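Chain by chain, the residues run as shown.
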Amino acid sequence: MASVTYEHVTKCFGDVVAVNDMDIKVEDKEFLVLLGPSGCGKTTTLRLLAGLEEPTEGNIYIEERLVNDVPPKDRDIAMVFQSYALYPHMSVYDNMAFGLKLRKTPKAEIERRVKEAAVMLGIEGLLGRKPKQLSGGQRQRVAVGRAIVREPQVFLMDEPLSNLDAKLRVHARAELSKLHQRLETTFIYVTHDQMEAMTMGTRIAVLRDGVLQQMDTPQVLYESPANLFVAGFIGSPAMNFFEATLVGSVEEMYIDAQSFRVLVPPERAKELKNCLGKDVIFGIRPEDVHDPEFCPPNITAGRVKAKVDVTELMGNEVFLYLLTDSKSFIARVDPRTRARVGDEIEAVLNMDNIHLFDPQTEEAIR
């Protein structure tokens, strides 16, 4: 097994900087997720490690070995692509065995590895079929199986679940997590789906325009985002943001968003004394905005008068799209809510979980 290190890696395509000064250490046996919107440099970062692209600057190491000039076949990595890239004229068995045959692996060893991987993935009954006879989920497992038989030091996965339907994607997420625990190998996984990242990753690296924004555990990213971008990208529905000003005094500090004013908890106010009178961006997650009838106990409550604009029943919860003046925000409330479109309610904000950001730098105010 192996650790992976990106040491100040930059990749340019002409004048376009796809990856900018990437500095990441992936620990041995870790499941690291590269997360970000389309065009942020996730796949390029993966391809640099695979040897499919050469870095413009910087070094890439697998364990202690510098691999900048090592051919892809000699890097001891296996990659699963979004398209699966199965050979249509070959059986499932031959697709999985093909890479081993090229390396002149003994026939008995090939058979052992393929059958072990097939049992692990639940596709042992499909080994004689061609890819066109398989469902999307089965093809995805064959592509993963082809990587497993290589027994590589590092698995690279480039959005392997994006072609699956929603229900199958949930199942496949769990299967990949179990596979990681079973194989105890380093996984680096690319996705734009923050739900996949939160549920699967040991750590998540959030990228934007080729720049690493924050890398930490899913819980830390959710509770303590480093900047406005990370705060808005992690969490579904996304965090609500309001332009505001900190007013009052240290003893009685308010967040003034013009359409409403809420009291800052005393402990947090002490930390923010140097920000009094300054503009901020006030952030609160939808799950911290409650229906007043079903508000959890023992929270520091801030109350905001709002009009219900849209309701979305999700079964176990309801999303309320609320309007305060012309500003819209989302509440994620108890399914027993009696709020209906057109109603005026006094939404309750959990002020213990507020987030504040500098409007100029977009960095979190700690």
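The structure under discussion appears in the preceding block.
Residues numbered from 1 in each chain as written. Predicted model: local features only at pLDDT ≥ 70, side-chain atom pairs only at ≥ 80, totals over all residues. Heavy atoms only, no water.

Enquirer: Please provide a residue-by-residue account of the overall build of the chain, values included.
Expert: Counting secondary structure elements, the chain contains 9 helices and 20 strands. With respect to the principal axes defined by its C-alpha atoms, the chain has extents near 75 × 45 × 35 Å. Scored against the burial criterion, the 366 residues of the chain give a buried share of 49%. Sequence-distant contacts, at least 24 apart, represent 66% of the contacts inside the chain between residues at least 6 apart. Carbon and sulfur atoms make up 48% of the accessible area of the chain, which amounts to about 17,500 Å² in all. Considering the chain, the positive charge centre built from 44 side chains and the negative charge centre built from 54 side chains are found 9 Å apart. (Helix = DSSP H or I, 4+ residues; strand = E, 2+ residues; numbered from the N terminus. Buried < 20%, exposed > 50% of the residue type's maximum accessible area, 1.4 Å probe, protein only. Contact = heavy atoms within 4.5 Å. Areas by Shrake-Rupley, 256 points an atom, 1.4 Å probe, with all protein chains shown as cover. Lys, Arg positive; Asp, Glu negative; His and termini not counted. Charge placed at Lys NZ, Arg CZ, Asp CG, Glu CD.)

Enquirer: Talk me through the pairing of strand E10 (residues 211-216); I want residue IDs and the actual numbers.
Expert: The pairing of strand E9 (residues 203-208) with E10 spans 5 bridges and is classified as antiparallel. Within E10, the residue paired with Leu207 across the bridge is Leu212. Linking two consecutive strands that pair antiparallel, namely E9 and E10, is a turn of 2 residues; a positive phi of about 50 degrees is found at Asp209 within it. (Pairing = 2+ DSSP bridges.)

Enquirer: Account for the layout of surface pockets, naming residues and giving values.
Expert: Counted as a void, the largest pocket has a volume near 510 Å³. Considering the residues around the largest pocket, the lining is formed by 18 residues, among which Met79, Phe81, Arg103, Arg146 and Arg150 are closest to the centre. Taken together, the elements giving at least two residues each to the lining of the largest pocket come down to strand E6 (77-80), helix H2 (92-102) and helix H4 (136-148). Residue composition of the lining of the largest pocket, by class: 13 nonpolar, 1 polar and 4 charged. Considered as a void within the structure, the second largest pocket measures approximately 340 Å³ in volume. Going through the elements one at a time, helix H7 (218-223), helix H9 (266-271) and strand E20 (355-357) are the ones with two or more residues in the lining of the second largest pocket. In terms of residue class, the lining of the second largest pocket is built from 8 nonpolar, 2 polar and 8 charged. (1 Å grid on protein atoms, 1.4 Å probe; cavity = no way out; pocket = protein on both sides within 12 Å on 5 of 7 lines; lining within 4 Å. Points joined across faces, edges and corners; volume = space filled by probe spheres on them. Nonpolar A, V, L, I, M, F, W, Y, C, P; charged D, E, K, R; others polar.)

Enquirer: An account of the packing of H2 against H4 is requested, with residue identities and associated values reported.
Expert: Interhelical geometry of H2 versus H4 gives an angle of 30 degrees and a closest axis separation of 8 Å. Considering their axes alone, H2 and H4 lie roughly parallel with respect to each other. In the packing of H2 onto H4, the handedness of the crossing is right-handed. Residue-level inspection shows Val92, Asn95 and Met96 of H2 in contact with H4, the latter providing Val142, Gly145 and Arg146. Its residues placed into classes, the contact of H2 with H4 shows 3 nonpolar, 2 polar and 1 charged. (Axes fitted to C-alpha atoms, helices over the stretch in contact; angles between N-to-C directions. Parallel < 35°, antiparallel > 145°, perpendicular 65-115°, else oblique. Left-handed = near helix turned anticlockwise from the far one by under 90°.)

These figures come from the coordinates and say nothing about function on their own.
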